[in-house]
Amino acid sequence: IAQTGELVDSAPSTEDYLGTAVDVNPNTGTRVVGQPNFGNTGAGNENGVGEVLVYDEQNNFVTSLSQILLEEGNVSLAASDHFGNSVSVNGARTGTDPEWILAGAPGREYESYATGNTYDNVGQVYVFKYELDKEVTTVSAAVTAGVSSFDVASALGVRAGYDVVLDNGSSS
């Protein structure tokens, strides 16, 4: 086994935890790297806003998924979201078949528009689509707590986004 390169943060800071989550798409070589403590203010490891970096070897560029969320106006990540705690990438990115990227943010809070209640640390899983000759775009920011009530999820400590996995669609 030989090291063929390295992925580094262009502006590293203490306790960003670059590489907490890593995935490589075997179809395209795209590498997705989570940095769940990015944006830490230095007051311990619970302040991380988080970041996910997409390294596209075919087109030789790096994309910041948190920047895409901000630019599209869908989501403004907050302290303790830990965006990038888990990542997954799969798909072909050829013709009409896009490449899909999942990124977990287990510290994300959820505010119910129906009740006005805020639920801490419910977590979210973000879905991104990367199409041939296009930029990465956000598909959804779905809360997936896996229980019927956010009151129950909050009380039980259920947090979406700790682990995410994309299946390549094959069966064995």
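Conventions we followed
- Residues numbered from 1 in each chain as written.
- Predicted model: local features only at pLDDT ≥ 70, side-chain atom pairs only at ≥ 80, totals over all residues.
- Heavy atoms only, no water.
- Helix = DSSP H or I, 4+ residues; strand = E, 2+ residues; numbered from the N terminus.
- Contact = heavy atoms within 4.5 Å.
- Areas by Shrake-Rupley, 256 points an atom, 1.4 Å probe, with all protein chains shown as cover.
- Phe/Tyr/Trp six-rings, centres within 6.5 Å; stacked < 30°, edge-to-face > 60°.
- Buried < 20%, exposed > 50% of the residue type's maximum accessible area, 1.4 Å probe, protein only.
- Pairing = 2+ DSSP bridges.
- Polar contact = N/O pair within 3.5 Å; in protein donor to acceptor, adjacent residues only side chain to side chain.
- Axes fitted to C-alpha atoms, helices over the stretch in contact; angles between N-to-C directions.

**Student:** Help me get a handle on the overall build of the protein, residues and values and all.
**Tutor:** When its secondary structure is counted, the protein shows two helices and ten strands. From first element to last, N terminus to C terminus, the protein shows the α and β order β-β-β-β-α-β-β-β-β-β-β-α. Long-range contacts, defined as pairs at least 24 residues apart, comprise 52% of the intrachain contacts of the protein with a sequence gap of at least 6. Taken as a whole, the protein presents about 9,500 Å² of accessible surface, with 48% of it coming from carbon and sulfur.

**Student:** Can you explain the packing of aromatic side chains? Please cite residues and give values.
**Tutor:** What the rule picks out here adds up to two aromatic pairs. Note on F83 and Y126: the rings are 5.4 Å apart at their centroids and 90 degrees apart in plane angle, and the pair reads as edge-to-face. Placement of the pair is F83 in the loop between α1 (65-72) and β5 (86-94) and Y126 in strand β9 (residues 124-130), with a sequence separation of 43 residues. With a relative accessible area of 0%, Y126 lands in the buried category.

**Student:** Outline unusual backbone geometry, listing residues and values.
**Tutor:** A positive phi angle, close to 60 degrees, is found at Y17, a residue other than glycine. When you line up the elements, Y17 lands in the segment before β1 (21-24). On the basis of relative accessibility, which here comes to 38%, the residue Y17 falls in the partly exposed class. Although it is not a glycine, H82 sits at a positive phi angle of roughly 60 degrees. Inspection of the secondary structure assignment puts H82 in the loop between α1 and β5. Residue classification places H82 among the buried positions, given a relative accessible area of 11%.

**Student:** Would you mind going over the pairing of strand β4 (residues 61-64) in detail, with residue names and values included?
**Tutor:** Direction of pairing for strand β3 (residues 51-56) relative to β4: antiparallel, over a ladder of four bridges. What sits directly across from Y55, in β4, is V62.

**Student:** Summarise the environment of N25; cite the residues concerned and give the values.
**Tutor:** Counting through the fold element by element, N25 comes out in the loop between β1 and β2 (31-35). Using a relative accessible area of 0% as the deciding quantity, one classes N25 as buried. A sequence separation of 76 residues divides N25 from I101, and the C-alpha atoms of the two residues are 9.6 Å apart. Filtering out sequence-adjacent residues up to four positions away, N25 remains in contact with T30, V89, N90, G91 and E99. One polar contact links N25 to E99, side chain to side chain, over a distance of 2.6 Å.

**Student:** Run through the sheet that holds β3, naming residues and quoting values.
**Tutor:** The strand order across the open sheet built from four strands is β1-β2-β3-β4, with neighbouring strands paired in antiparallel fashion. Both edges of this open sheet fall to β1 and β4, since each of them pairs with a single strand only. With strand direction ignored, the average angle separating the axes of adjacent strands in the sheet is 15 degrees. Here five bridges tie β2 to β3, and the two strands are oriented antiparallel to one another. Paired with Q35 across the bridge in β3 is E51. Strand contacts of α1: β3 and β4, with the helix running at about 55 degrees to β4, the strand carrying the most contacts.

These figures capture arrangement, not role.
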